[in-house]
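Chain by chain, the residues:
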Amino acid sequence: MYEVHGQPYVDEKASMTAEKKDSGGSRDVFAEDSVHQIQYKTLSWQAVSLLMIAEIVSNGILSLPSALAVVGIVPAVILIVFLGIFGLYTAKLLIDFKLNHPNVHTMGDAGYIMAGPVAREVLAFGTVAFAIFGSGSELLSSQQALSTLSNQGMCSMYLVIITGAVAFLISLPRTLGSLAWMSLLSAAAITLAGFIAMIGAGVNPVPGRSLTVTASSNFFDAFLAVTNPVFAYAGHFMFFILISEMRRPEDAMKAAWCLQGFATVFYAVFSIVMYVYIGNTVQSPALFSLPPAWAKATFAIALVNFLFCAGLYTHTAAKLVFVRIFRHSEHVYSHTLLGWMVWTLLCFAGIVIAAILAIAVPIFSYLIGIAAALFAAWYTYGLAGFFWLHDVYHLKGGVDGLKRRPIGTTTAVLTIIAGAFICVAGTYVSIKLIVGAYANGQVGRPFVC
């Protein structure tokens, strides 16, 4: 609504178009009713903060120090801080969009509002795929942790299966509120693991290490290093699902502030400390650069986080499909046999697919990079610009509304361009890595220890 000749005017065409696409209207995705056996809207903003921190910081810190070795400590730290601030901005746009459209549960729902059924299917598929890939990545991290703790004493394939079983059990509770207490342990574990890693690096500095303040490199190497901090913040795809289960969705920005503030500071400090004491030989994951005893201690604590996040990612993928099938039905809110059978099957299928990818696909670690480039680049960055432009156009005066907000419009467009660039460049780098790995004989065989 805006004013024409001093009188309120509603752009009826835009409003009707938006309402037509928004199949749920303003109806919240989860209804609140005391008679429901399963209550979804139970999360506080503090609990959401912990869930976000546990999920995003999990694998994020492990690869960051290696970026400093490639592009130099100054450019890398500037990039880490900038991306943290940028991620806070895009989180604000996502949260505003969710508050304007309470029926939005996933990126697929948002895509349907903006561009119809095709966008819904593409973005919903991307969310499920990225969550499954995330779960597989966490299973690999769990396997690496157990292999380190056991001195490679057990077949890695079996370790993936064992950790997958644990993650499956973690994913089973029907609401995120039931996982909130575990998120506290998970966030504390990854934070403590980071501090222990820094202490281990500090008391065991690499003799004769070399440090780089700034470094010049080709586009491939530079962007390959840049992808680490870019995707270290790639958790926005879960925001809509998390906010949908908040008691007060309007408090979501408090959780985003906590997440981005903590992640940005922790990422910067961890990366600097690990790089300063280890130097340009720092590995990815950085924990492999520590002495064996310190690596074992760090992995043992971080394992709690890896397992929880594998379960959380699986829960997210299952929740999207489950709500899509049974939205606003009794199976969502009651302990029906069909509801629990479908939910259990979805969680089991999600963890099985993640485990198979981790075990049977030798280039899975490279495929994670492609998935992050194709989907996380848009979910964390690019789509936020579209959300802002859509709502300003449909809710605040159409083209005139955009013209009256030149800074916001320009920033939104630049956000879309940034997402597109990350998507294209990240995909190019990941594909080139796969080609190089095959050419150098670095690709192993499936189903081997």
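Predicted, not measured: the structure shown is a model, and the values here were computed from it. Just so you know, the residues in each chain are numbered from 1, in the order the chain's sequence is written. Under the rules for a predicted model, residues below a pLDDT of 70 receive no local features and side-chain atom pairs below 80 are neither given nor counted, while totals for whole chains, interfaces and linings still include all residues. Processing note: side-chain calculations cover all non-hydrogen atoms of the structure and skip hydrogens and water entirely.

1. Structural notes on the overall build of the protein chain
For step 1, the next point in the chain: Helical segments are the DSSP runs of H or I of at least four residues, strand segments are the runs of E of at least two, and each set is numbered from the N terminus. Per the secondary structure count, the protein chain includes 16 helices and two strands.
For step 2, the next point in the chain: Restricting the calculation to C-alpha atoms gives the radius of gyration, and the globule rule supplies 2.2 Å times the number of residues raised to the power 0.38. Taking 22 Å as the expected radius of gyration for a compact globule of 449 residues, we find that the protein chain reaches 22 Å, a close match to that expectation.
For step 3, the next point in the chain: With respect to the three principal axes, the spread of C-alpha positions in the protein chain is 75 × 55 × 40 Å.
For step 4, the next point in the chain: Each residue gets one of three labels from its accessible area relative to the maximum for its type: buried under 20%, exposed over 50%, partly exposed in between, using a 1.4 Å probe on protein chains only. Looking at the 449 residues of the protein chain, the share that counts as buried comes to 57%.

2. Quick word on the UniProt feature "domain: Amino acid transporter transmembrane" (unreviewed entry) in the protein chain
For step 1, the next point in the chain: UniProt positions are given in the numbering used here, feature names are shortened, and annotations may be inferred rather than shown by experiment. According to UniProt, the positions carrying the feature "domain: Amino acid transporter transmembrane" (unreviewed entry) are residues 42–431.
For step 2, the next point in the chain: Measuring from the first to the last C-alpha atom of residues 42–431 gives 42 Å, for a span that is 80% helix and 0% strand.

3. Some points on the packing of aromatic side chains
For step 1, the next point in the chain: Aromatic rings from Phe, Tyr and Trp, with only the six-membered ring used for Trp, were paired whenever their centres fell within 6.5 Å, and each pair was classed as stacked if the ring planes differed by under 30 degrees, edge-to-face if by over 60, and tilted otherwise. Evaluation of the coordinates by the stated rule reveals 21 aromatic pairs.
For step 2, the next point in the chain: Judged by centre distance (6.2 Å) and plane angle (20 degrees), the ring pair of Phe375 and Tyr379 falls under stacked. You can see Phe375 and its partner Tyr379 sitting in helix H14 (residues 364–395), four residues apart, about one turn around the helix. No difference in accessibility class separates Phe375 from Tyr379, as the two residues are buried.
For step 3, the next point in the chain: Clustering of aromatic rings is evident, with ring pairs tying together Phe82, Phe86, Tyr89 and Tyr381.
For step 4, the next point in the chain: Counted as over-ring charges are cases with an Arg CZ or a Lys NZ within 6 Å of the ring centre that also lie within 35 degrees of the ring normal. The ring of Tyr112 has Arg120 lying over it, and the distance from NZ or CZ to the ring centre is 4.3 Å.

4. Some points on the nonpolar core
For step 1, the next point in the chain: Take the buried residues of types Ala, Val, Leu, Ile, Met, Phe, Trp, Tyr and Cys, join any two whose side-chain atoms come within 4.5 Å, and each joined set is a nonpolar core. Membership of the largest hydrophobic core comes to 143 residues, with the highest contact counts inside it found for Tyr267, Met274, Phe308 and Phe387.
For step 2, the next point in the chain: Any two residues having at least one pair of non-hydrogen atoms within 4.5 Å are treated as being in contact. Setting aside residues no more than four positions away along its own chain, Tyr267 makes contact with Ile56, Val57, Gly60, Ile61, Leu64, Ile80, Ala232 and Tyr233.

5. A short note on the pattern of salt bridges
For step 1, the next point in the chain: We count a salt bridge whenever a side-chain nitrogen from Lys or Arg sits within 4 Å of a carboxyl oxygen from Asp or Glu. Under the counting rule described, the total for this entry stands at nine salt bridges.
For step 2, the next point in the chain: With a closest N to O distance of 3.3 Å, Asp28 and Lys41 form a salt bridge. Of this pair, Asp28 sits in the loop between helix H1 (12–21) and helix H2 (45–71) while Lys41 sits in the loop between H1 and H2, and the two are 13 residues apart along the sequence.
For step 3, the next point in the chain: On the accessibility criterion, Asp28 (23% relative accessible area) is partly exposed.
For step 4, the next point in the chain: For Arg248, the salt bridge goes to Asp251, with nearest N and O atoms at 2.9 Å.
For step 5, the next point in the chain: Under the relative-accessibility criterion, Arg248 is labelled partly exposed at 44%.
For step 6, the next point in the chain: Bridged by salt links that share partners, the residues Arg248, Glu250, Asp251 and Lys254 form one connected network.

6. As for the packing of helix H5 (residues 117–149) against helix H11 (residues 292–326)
For step 1, the next point in the chain: With their axes 8 Å apart at the nearest point, H5 and H11 run at an angle of 155 degrees to one another. Classified by the angle their axes make, H5 and H11 are roughly antiparallel. Regarding H5 and H11, the two cross each other, and that crossing is left-handed.
For step 2, the next point in the chain: Ten residue types, Ala, Val, Leu, Ile, Met, Phe, Trp, Tyr, Cys and Pro, are classed as nonpolar, four, Asp, Glu, Lys and Arg, as charged, and the remainder, Gly among them, as polar. For the contact of H5 with H11, a count of residues per class yields 20 nonpolar, seven polar and five charged. Note on geometry: axes are C-alpha line fits, over the in-contact stretch for helices, and angles between N-to-C directions span 0 to 180 degrees. The cut-offs work like this: below 35 degrees is roughly parallel, past 145 is roughly antiparallel, 65 to 115 is roughly perpendicular, and the gaps in between are oblique. Handedness of each helix crossing follows the sense of rotation of the near helix against the far helix: counterclockwise by less than a right angle gives left-handed, clockwise gives right-handed.

7. Focus: H2
For step 1, the next point in the chain: A helix is expected to span 1.5 Å multiplied by its residue count minus one. In a regular helix each residue adds 1.5 Å, so 27 residues correspond to 39 Å; H2 covers 36 Å between its end C-alpha atoms and thus fits that length.
For step 2, the next point in the chain: Fitting axes to the seven residues ending at a residue and to the seven starting there, one defines the bend at that residue as the angle between these axes. At Ile61, H2 shows its largest kink, close to 45 degrees, and the proline Pro65 lies no more than four residues downstream.
For step 3, the next point in the chain: Burial runs high along H2: 22 of the 27 residues are buried.

8. A look at the packing of H5 against helix H13 (residues 337–360)
For step 1, the next point in the chain: The interhelical angle for the contact between H5 and H13, taken along N-to-C directions, is 60 degrees, at an axis separation of 8 Å. Regarding the angle of H5 to H13, the classification is oblique. H13 is crossed by H5, and the crossing has right-handed handedness. In this structure, H5 uses Ile132, Phe133, Ser135, Gly136, Leu139 and Leu140 to contact H13, whose residues at the interface are Gly350, Ile351, Ile353, Ala354, Ala355, Leu357 and Ala358.
For step 2, the next point in the chain: Here the residues of the contact of H5 with H13 sort into ten nonpolar, three polar and no charged.

9. Let's talk about the side chain of Ser135
For step 1, the next point in the chain: Position of Ser135 among the secondary structure elements: in helix H5.
For step 2, the next point in the chain: Given a relative accessible area of 0%, Ser135 falls into the buried group.
For step 3, the next point in the chain: Here a polar contact means two N or O atoms within 3.5 Å. Within protein one must be a hydrogen donor candidate and the other an acceptor candidate, and residues neighboring in sequence count only if both atoms are side-chain atoms. Here the side chain of Ser135 touches Thr314 through a polar contact of 3.1 Å, side chain to side chain.
For step 4, the next point in the chain: For Ser135, the residues in contact, after removing those within four places along its chain, are Ala310, Tyr313, Thr314, Ile351 and Ala354.

10. A look at the confidence of the model for the protein chain
For step 1, the next point in the chain: The score called pLDDT rates the predictor's confidence residue by residue, from a low of 0 to a high of 100. Overall, the prediction assigns the protein chain a mean pLDDT of 88, with 94% of residues at 70 or greater.
For step 2, the next point in the chain: Contacts for the low-pLDDT stretch residues 1–24, under 50 throughout, to residues beyond four places or in other chains number 29 contacts.

11. A short note on the environment of Phe239
For step 1, the next point in the chain: The residue Phe239 is located in helix H9 (residues 239–244) in this model.
For step 2, the next point in the chain: Considering only alpha carbons, one finds Phe239 and Ala91, 148 residues apart in sequence, at a separation of 8.1 Å.

12. What about the environment of Gly419?
For step 1, the next point in the chain: Its location among the elements puts Gly419 in helix H16 (residues 406–439).
For step 2, the next point in the chain: Look at Gly419 and you get buried, because its relative accessible area is 0%.
For step 3, the next point in the chain: With 364 residues separating them in the primary sequence, Gly419 and Glu55 have C-alpha atoms 21 Å apart.
For step 4, the next point in the chain: Apart from residues no more than four positions distant in its own chain, Gly419 is found in contact with Ala377, Trp378, Tyr381 and Gly382.

13. Some thoughts on unusual backbone geometry
For step 1, the next point in the chain: A cis amide bond links Ser284 with the next residue in sequence, Pro285, at an omega value of 5 degrees.
For step 2, the next point in the chain: The topology assignment puts Pro285 in the loop between helix H10 (252–278) and H11.
For step 3, the next point in the chain: You will see that Asn151, though not glycine, has its phi angle at about 55 degrees, which is positive.
For step 4, the next point in the chain: You can see Asn151 is positioned in the loop between H5 and helix H6 (156–171).
For step 5, the next point in the chain: Overall, Asn151 belongs to the exposed group, its relative accessible area being 56%.
For step 6, the next point in the chain: At His328, a position not held by glycine, the phi torsion is positive, near 60 degrees.
For step 7, the next point in the chain: The residue His328 is located in the loop between H11 and helix H12 (330–333) in this model.
For step 8, the next point in the chain: Using a relative accessible area of 28% as the deciding quantity, one classes His328 as partly exposed.

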